[in-house]
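Residue strings, one per chain:
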Amino acid sequence: MHSNSFPSSLSRASKTIFIALPLALAAAGCSSVPLKEGGTLTSYSNLGAPKGKLQKSRVYVDGLSLAPMKTVAIEPTRFAFSAASRIKSPDDRAMVSNALDRALCISLSDRYQIVQPGAPADLTVRSVVTDIVPTSKTMAGVSTVVTVGTGFVLPVGVPRLPVGLGGLAVEAEAVDKSGAQRAAMVWARGANSLQNNPRVSQVGDAYGLAAKFSGEFSRMLIAGKEPKGLDLSLPSGQRVKSWFGGKPKYVACDAFGREPGLIGAVAAKYGAPPQWTEKKPKASAY
């Protein structure tokens, strides 16, 4: 009596498809955002050659000069005119700027004392959004339904659909008391199907990518050298506390509000706009 191997073969083939499909979608789905000089840095001549593919950057860092620095003031992030014209809502632009500044403030608190903008500081950080690719709210909604829905029935969840993805480009610098540039970064990154949850907002991807930029710029300032590879270090206690929406290490960071924490993470998983869970700053940072 011969056993019928067709069902088992079909099962193996199905599993292969279910595993391959997410990988294929992820490879295909990535928004491309070019590096863009906004003309707001003190100097571009110090910047190194462009590096990276998924995340592109040009950086400069003077580690020796940064070593004795102890205090940092963070100026509110601005939008270049060309970037602002792509996002009509002032509230949406302010939310992206605020998310970027908050992430900077929390991360830099690991190494520096953060003071209010305008107060005496060893370093002043200035950031400008030079480009933004709006997220398609319609496709983000469809992707959420597909991703969440298939997660209940397939052994491997299907990633976000590779259409309507957003992106962000930022340039930033840290200058000392004399106005000399001690670190600078021109950075750009597009959302991709595997790493970025779809959120039904025109700035859904830019909101998440703002924190990505802040993490890279903060790593460079703290280490005094160009960041390389993934950051595999464990977050500090103050960063964990802040992520859960707790009181930040320095009161200056409260100007950018508190992190949405677990509620924000759950909302992101199900595609809710970041506007639903974003907490308003105690004092305006704009």
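Since this is a predicted model, take the numbers as computed values, not measurements.

### Observations concerning the overall build of the protein chain
Right, so step 1: In terms of regular secondary structure, the protein chain is built from 8 helices and 7 strands.
Right, so step 2: Buried positions account for 47% of the 286 residues belonging to the protein chain.
Right, so step 3: Long-range contacts, defined as pairs at least 24 residues apart, comprise 78% of the intrachain contacts of the protein chain with a sequence gap of at least 6.

### Here's the deal with the side chain of Glu-216
Right, so step 1: Note on placement: Glu-216 falls in helix H6 (residues 204-223).
Right, so step 2: According to the relative accessible area criterion, Glu-216 is buried, its value standing at 16%.
Right, so step 3: Setting aside chain neighbours within four positions, we find Glu-216 in contact with Gln-55, Met-185, Trp-187 and Pro-227.

### Brief notes about a nonpolar patch on the surface
Right, so step 1: Where nonpolar side chains cluster on the molecular surface, the patch consists of Val-240, Trp-243, Phe-244 and Leu-262 and spans about 390 Å² of accessible area.
Right, so step 2: By secondary structure assignment, the location of Val-240 is in helix H7 (residues 237-243).

### A few points about the packing of aromatic side chains
Right, so step 1: Scanning the entire structure with this criterion turns up 3 aromatic pairs.
Right, so step 2: Residues Trp-187 and Phe-213 carry aromatic rings whose centres are separated by 5.5 Å and whose planes lie at 65° to one another, so their mutual orientation is edge-to-face. In this pair, Trp-187 is assigned in strand S7 (residues 181-190) and Phe-213 in helix H6, connecting sequence segments 26 residues apart.
Right, so step 3: Assessed through its relative accessible area of 0%, Phe-213 is described here as buried.
Right, so step 4: Among the aromatic side chains, those forming a connected cluster through ring pairs are Trp-187, Phe-213 and Phe-217.
Right, so step 5: Sitting above the plane of the Tyr-112 ring, Arg-111 keeps its charged end 4.3 Å from the centroid.
Right, so step 6: A cation sits over an aromatic face here: Lys-269 above Tyr-270, 6.0 Å from the ring centre.

### A closer look at the environment of Arg-102
Right, so step 1: Note on placement: Arg-102 falls in helix H4 (residues 90-108).
Right, so step 2: Residue class for Arg-102 comes out buried when judged on its relative accessible area of 3%.
Right, so step 3: Counting along the chain gives 151 residues from Arg-102 to Cys-253, while the straight-line C-alpha distance between them is 6.5 Å.
Right, so step 4: Every residue in contact with Arg-102, bar those within four places of it in the chain, is listed here: Tyr-207, Phe-256, Gly-257, Arg-258, Glu-259, Pro-260, Glu-278 and Lys-279.

### So, the pairing of strand S5 (residues 123-133)
Right, so step 1: Summarising burial for S5: 10 of the 11 residues are buried, a large majority.
Right, so step 2: Two elements, strand S2 (residues 71-74) and S5, share 3 bridges in a ladder whose sense is parallel. Paired with Ile-74 across the bridge in S5 is Val-125.
Right, so step 3: Of the strand pairs in this sheet, strand S3 (residues 78-79) and S5 are connected by 2 bridges, and their pairing is parallel. By the bridge assignment for S5, Phe-79 is matched with Val-129.
Right, so step 4: Across 10 bridges, S5 lies against strand S6 (residues 167-176) in antiparallel orientation. Looking at S6, one finds that Ser-127 is bridged to Ala-172.

### Considerations on helix H8 (residues 261-269)
Right, so step 1: Considered for burial, the residues of H8 that qualify are Gly-261, Gly-264, Ala-267 and Ala-268. Within H8, the buried residues cover an arc of 110° as seen down the axis, which keeps them to one side. Along H8, the residues that are exposed and aim more than 90 degrees away from the buried face are Leu-262, Ile-263 and Lys-269.
Right, so step 2: In this structure, the buried residues of H8 make contact with H7.
Right, so step 3: Gly-271 sits one or two positions beyond H8 and adopts a positive phi of about 80°.

### So, the pattern of salt bridges
Right, so step 1: In this structure the tally under the stated criterion is 13 salt bridges.
Right, so step 2: With a closest N to O distance of 2.9 Å, Arg-126 and Glu-173 form a salt bridge. Remark: Glu-173 occurs in strand S6 and Arg-126 occurs in strand S5; sequence separation between them is 47 residues.
Right, so step 3: For Glu-173, a relative accessible area of 1% gives the class buried.
Right, so step 4: Within this structure, Asp-62, Asp-176 and Arg-182 form a network of salt bridges that share partners.

Rules behind the numbers
Residues numbered from 1 in each chain as written. Predicted model: local features only at pLDDT ≥ 70, side-chain atom pairs only at ≥ 80, totals over all residues. Heavy atoms only, no water. Helix = DSSP H or I, 4+ residues; strand = E, 2+ residues; numbered from the N terminus. Buried < 20%, exposed > 50% of the residue type's maximum accessible area, 1.4 Å probe, protein only. Contact = heavy atoms within 4.5 Å. Patch = residues over 30% accessible without salt bridge, like charges linked within 9 Å, V, L, I, M, F, W, Y side chains within 5 Å. Areas by Shrake-Rupley, 256 points an atom, 1.4 Å probe, with all protein chains shown as cover. Salt bridge = Lys/Arg side-chain N within 4 Å of Asp/Glu carboxyl O. Phe/Tyr/Trp six-rings, centres within 6.5 Å; stacked < 30°, edge-to-face > 60°. Lys NZ or Arg CZ within 6 Å of the ring centre and 35° of its normal. Pairing = 2+ DSSP bridges. Arc of directions from axis to C-beta.

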